[in-house]
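Geometric and topological summary
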Amino acid sequence: MSEAVADVPQMSRTCFFRSGIFIWSVFVALAILITVYQDLWPWAMKYPRGWVIPLKGWISDFMSWLINDLDFGVFTFKEMTRSVSWVLSWPLTFVNNLLVEGFAFSTDPGAEAVLPPLPWIAVVGLFVLAGIAIKDWGLGLLVGACILYLAIFGRWESAMVTLSAIFIAVPLGIGAGLGIGILAFKFAGVKRLIIPVLDLMQTVPVFAYLVPILFLFGFGPVAAMIATMIYATPPMVRIAILSLEQVPDDRVEYGEMAGCTPKQLLWKVQIPSARSGLMIGVNQVIMLSLNMVIIASMIGAGGLGFDVLSSLKRLAIGSGLEAGIAITLLAITLDRLSQAYSKRPPPAHLEHDTYRARRQKMIYLAATMVVVTWVASFFIPAIRTYPESWQLTTAGFWGDLVKWINVNYFDQLEAFKTVLLVNVLIPTKRFLLATPWIVVVAFVGLLGYRLGGVRLSLLAIALALFIVVTGGWKKAMITVYLCGISVLIAALIGIPIGIWSARNERVHRVVQVCVDTLQTLPSFVYLIPVVMLFRVGDFAAMIAVVVYAVAPAIRYTDHGIRQIPIHLVEASTALGCTRWQILKRVQLPIALPEIMLGINQTIMMALSMLVITALVGTRDLGQEVYIALTKADTGRGIVAGVSVAFIAIISDRLITAWVKRKRAMLGES
Amino acid sequence: MTERSVKFKCSNVWKLFGAGADTFLGRYPSPTEQDIQREGLIAGVQNASFEIAEGEIFVVMGLSGSGKSTLLRCMSRLIMPTSGAINIDGVDLLDISERQLIELRRHKMGMVFQHFALLPHLTVLGNVAFPLEIQNTGTDERTRRTLEMIELVGLKGRENYYPHELSGGQQQRVGIARSLAVNPEVWFLDEPFSALDPLIRREMQNELLRLQSLLRKTIVFITHDFDEAIRLADRIAIMKAGKVIQIGTPEELVLAPADEYVREFTSEIPRAKVLSVASVMSEPSGDELHGADIFPHSRIESVAPEVISRDRAMAVLDDSGKVVGRLEPGHIIPVLAGIDNQIV
Ligand SMILES: Nc1ncnc2c1ncn2[C@@H]1O[C@H](COP(=O)(O)OP(=O)(O)OP(=O)(O)O)[C@@H](O)[C@H]1O
Ligand SMILES: [Mg+2]
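Residues numbered from 1 in each chain as written. Chains lettered and ligands numbered in written order. Predicted model: local features only at pLDDT ≥ 70, side-chain atom pairs only at ≥ 80, totals over all residues. Heavy atoms only, no water.

**Let's talk about the side chain of lysine 417 of chain A**
The condition is simple: Strands are runs of DSSP state E lasting at least 2 residues, helices are runs of H or I lasting at least 4, and numbering of each runs from the N terminus. Any pair of N or O atoms that falls within 3.5 Å is considered a polar contact. Within protein, one atom must be able to donate a hydrogen and the other to accept it, and sequence-neighbouring residues count only if both atoms are side-chain atoms.
With respect to the helices, strands and loops of the structure, lysine 417 of chain A is situated in helix H18 (residues 395–434). Separated by 3.3 Å, the side chain of lysine 417 of chain A and the backbone oxygen of phenylalanine 534 of chain A make a polar contact.

See below:
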């Protein structure tokens with residue numbers, strides 16, 4: 001039994017090579033030929049500047065035409081976008097006043113607040129109550145402690161600014177996501193249109209669309225919030241479509257037979273049935289919004305993201321780290337609350353009566369607490385704002401710690417860095433930069449053909465050519481090299497950990513917690529310790545990317561091995577295989593497609609992180625996007641951003657095609 | 001069976017799946033199996049025609065994949081037949097507007113599903129009230145009706161339970177209660193008891209017969225279990241590969257199976273459960289013992305203990321009490337032994 005299972009992929013692999021070996025040798029020979037005689041065709045080595053299509057310029061011109069010239073008669077395009085931001089600014093200002101500023105009831109920006117904001121005690125208390133109401137005291141205390149940290153370490157105001165953006169962006173994102181999802185679910189045409197748009201939106205790095213948003217909506221919290229929505233909505237759309245489609249057929253048929261109108265069917269049968277799926281989407285929107293609100297501090301979101309960013313720029317590690325921890329705790333709070341909410345067990349009849357009473361009690365309690373503390377805050381300043389004298393700071397400690405590490409371990413860290421740089425990073429980079437673009441394009445084309453046929457091949461070639469003709473080839477290759485090495489290292493770390501965790505329950509639990517936490521952290525946070533230890537440059541970027549992107553490699557490997565039917569393992573044990581043989585000959589071959597999907601995810605995450613690591617000084621497409629942002633150059637940012645997206649799409653499609661082939665060989669559908 | 005008015009009528013109903021199904025019947029007015037296969041189509045239902053009388057239990061049976069659910073979905077217009085006509089009370093279902101169809105479903109049709117299809121976010125009360133709620137029945141009327149239905153199916157006291165807190169049998173009782181809440185005239189049941197274990201299934205069959213004796217609905221009941229079919233059916237339609245092969249009372253199917261397929265189905269069944277006294281009795285000769293209620297339409301199984309324990313020829317009476325036949329133990333023993341068809 002185990003022999004048969006293990007042999008299937010092996011046999012097919014040899015077949016694949018036997019038929020492929022000829023084609024690939026021809027390819028390698030041609031590639032060498034092209035490279036060696038590069039003087040004969042210099043254009044194949046380095047894409048001539050004159051042939052570059054000035055797409056960047058066109059986009060920038062189009063943008064300025066939109067902003068400056070487009071006029072609908074009654075109002076201009078710019079007026080339109082500005083009025084959108086004006087409308088959105090209202091709720092945002094309201095929540096901001098409620099949590100941070102207080103209400104001044106005056107147009108004069110310098111006016112004293114007449115009504116103070118919600119006292120910090122009330123906010124902490126509300127979070128505790130929410131935790132208790134959703135799950136139990138444990139959750140209440142956890143989130144209460146996290147929020148309290150913000151006050152104690154003097155991050156209160158920044159955190160509340162960030163939180164108010166979340167409070168507005170999340171409902172809007174959920175609403176928009178659900179709305180678009182419903183449309184796509186109901187109309188096949190909309191779905192066909194929306195899916196590629198989602199693909200692109202989820203792979204274009206966030207920085208790339210900060211620039212146009214900056215133009216359209218101005219600099220400031222509202223523009224940041226719009227960027228946040230745009231970033232956080234696509235997964236909600238996807239999840240909404242998926243969970244609506246997964247509602248069991250017979251339940252929908254029942255709704256029809258009961259005589260539901262299409263509207264009733266949607267709201268009373270399909271959406272309630274899709275609830276648990278939709279709740280996962282809500283959690284996603286919250287986490288992505290938080291991530292984006294941090295990044296959007298670059299276009300004026302303020303708050304915790306701004307604190308981190310400015311600390312990073314000043315290399316003030318201590319305060320950066322403190323702000324980073326604040327973000328992390330905020331992320332954990334929002335994540336745990338929304339997860340607990342979405343995973344609430346289905347209601348039971350026993351609770352039916354007590355449930356209402358309990359909810360009523362909670363609401364009274366919350367209202368009383370808010371009113372009492374708020375009234376008290378008029379008289380007792382310590383309730384209004386957390387007194388400065390109670391604040392702690394660990395900035396000095398972290399600064400000292402970094403100093404201490406650098407003094408004592410500088411040589412080791414430096415040696416580690418140098419070894420990797422000299423032996424791995426730099427040679428790879430040289431190799432990729434020396435490879436003619438035409439060879440690389442042909443390579444992805446051939447790979448696409450071998451894995452998925454002509455269509456895939458053409459797609460890969462077209463996307464790669466886009467990067468070539470828009471003039472971003474060199475930077476793209478640096479992106480590919482950084483991403484490739486990071487993914488390789490992430491896989492080398494992640495797959496063994498995943499295997500270990502799949503075979504050992506205790507390890508599994510620990511790993512689960514670590515991976516969950518890693519995936520909760522906004523990407524910005526990863527930069528802080530990396531800069532602390534390795535300062536700036538490719539190496540620091542690589543470490544940040546590896547840490548950020550390792551999670552899916554672990555998770556998918558673990559899952560891939562665990563999902564193998566137990567009888568296969570038992571049968572192999574009965575045949576006398578050792579644990580190692582079972583792993584090598586049964587589990588790994590069967591889990592390989594799943595593991596590759598994990599690597600695919602790792603690549604996607606690595607690419608998105610790479611763009612952010614431009615902040616620590618890489619010279620890849622990420623840097624290009626970042627420069628575009630600082631120079632407010634729309635075209636440059638979008639072209640570089642789309643190039644990153646295309647790299648992601650090429651690798652995604654190739655890997656998916658490979659997985660599909662492999663699964664077909666293993667006889668799964 | 002007494003004559004009753006026709007409630008439901010299917011005429012030449014076809015349902016084909018696959019690309020080009022819509023135009024297929026235009027190209028092949030009377031297609032053969034080969035035509036269908038050549039075009040790469042799947043035949044869900046082929047040319048089904050039958051009438052169902054008011055108050056009748058009409059059972060559709062056949063193996064898995066024979067097209068029973070597809071036929072039922074056509075009859076309830078959950079899917080549009082490729083061609084044909086479907087009449088309920090003389091109204092052609094294929095010819096009415098969306099709005100009319102919704103009205104029809106709200107008042108005339110009820111359906112019960114194999115896997116219950118309860119709404120998980122609603123309690124028993126909420127599920128049963130659902131069909132009334134969506135047609136905006138007044139609160140008082142809705143509550144009254146809902147509680148009445150819950151009591152009818154024996155779930156009183158569990159109104160606030162959620163579906164996941166109920167056993168399979170209880171869930172299907174909720175399914176039954178809610179489908180009856182609007183007092184439908186035609187009641188569709190698609191393998192309602194197949195997901196239940198045998199004891200519960202039996203209990204639910206009895207429950208169905210009890211409800212039917214109270215409510216007198218026109219019932220279309222789907223099953224792949226011949227045992228269940230003969231327990232419930234007034235008439236049975238047997239389907240194979242989308243075709244309705246034979247329609248008849250259980251007895252007709254057993255006595256005169258239309259083909260090998262039907263014979264195969266019926267062969268496992270104890271014939272005493274199906275055959276009536278009329279099919280084995282002889283002419284009365286005057287010396288029969290009276291005293292037991294034996295009628296020509298009684299099933300042999302139900303009279304056997306009486307006849308055999310008395311060990312005498314018994315009189316068979318019609319409804320007016322006139323002797324119409326003579327039943328001896330010798331008539332029924334071959335049937336009980338399952339060897340009557342070899343002797344005859
Ligand atoms: N939407 C569809 N598209 C294509 N083929 C279908 C579709 N629905 C049903 N069929 C096919 O029609 C045939 C009849 O299916 P149907 O579900 O009616 O069978 P059934 O008798 O109800 O079987 P079961 O006892 O398994 O419920 C099957 O071959 C099925 O594969
Ligand atoms: Mg069926």
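**Quick notes on the nonpolar core**
Definition in use: The definition of a nonpolar core used throughout is a set of buried Ala, Val, Leu, Ile, Met, Phe, Trp, Tyr and Cys residues joined through side-chain atoms within 4.5 Å. Working definition: with a 1.4 Å probe on protein chains only, accessible area under 20% of the residue-type maximum means buried, over 50% means exposed, and in between means partly exposed. Two residues qualify as a contact provided that any one of their heavy atoms is within 4.5 Å of a heavy atom in the partner residue.
Counting 240 residues, the largest nonpolar core has Phe207 and Ile299 of chain A together with Phe188 of chain B as its most contacted members. A total of 16 residues in this core trace back to one element, the largest contributor, which is helix H26 (residues 579–612) of chain A. Beyond its immediate sequence surroundings of up to four residues, phenylalanine 207 of chain A is in contact with Ile295, Met298, Val611, Ile612, Val625 and Tyr626 of chain A. Core analysis: the next-biggest nonpolar cluster, separate from the first, contains 60 residues, Ala177, Ile269, Ala304 and Val307 of chain B among them.

**A look at the site of ligand 1**
Residue and element names in this part refer to chain B. Worth spelling out the cut-off: If a single non-hydrogen atom of a residue is within 4 Å of a molecule or strand, that residue counts as near it. In these tables, accessible area is a Shrake-Rupley quantity obtained with a 1.4 Å probe, and a residue counts as shielded only by the protein chains included in the view. Charged residues are taken to be Asp, Glu, Lys and Arg, nonpolar residues to be Ala, Val, Leu, Ile, Met, Phe, Trp, Tyr, Cys and Pro, and polar residues to be all remaining types, Gly included.
If you check the shell around ligand 1, you find Phe17, Ile42, Leu63, Ser64, Gly65, Ser66, Gly67, Lys68, Ser69, Thr70 and Glu191 and nothing else. Between ligand 1 and serine 66 there is a distance of 3.2 Å, counted from an oxygen atom to a backbone nitrogen or oxygen. At 3.0 Å, a backbone N or O of glycine 67 approaches an oxygen atom of ligand 1. With the chains in place, 59% of the 630 Å² that ligand 1 exposes on its own is no longer accessible. Counting residues per element, the shell around ligand 1 draws most heavily on helix H3 (residues 68–75), at three residues. Broken down by class, the residue content of the shell around ligand 1 amounts to three nonpolar, six polar and two charged.

**What about the domain arrangement of chain B?**
Residue and element names in this part refer to chain B. Operational definition: The split of the chain into domains comes from an automatic or database domain assignment. The term buried area denotes the loss of accessible surface (1.4 Å probe radius) that occurs when two parts are joined, taken as the sum for both partners. Throughout this description, the term salt bridge denotes a Lys or Arg side-chain nitrogen within 4 Å of a carboxyl oxygen of Asp or Glu.
Under the domain assignment used here, chain B contains domain 1 (53–82 + 93–271) and domain 2 (272–336). Measuring from the centre of the C-alpha atoms in domain 1 to the corresponding centre in domain 2 gives 34 Å. Summed over both sides, the interface between domain 1 and domain 2 buries roughly 800 Å², with carbon and sulfur atoms accounting for 57% of that surface. Counting the surface domain 1 buries against domain 2, the share from its top three residues, Ile230, Glu251 and Arg271, is 61%. Summed over the shared surface of domain 1 and domain 2, the result is one salt bridge.

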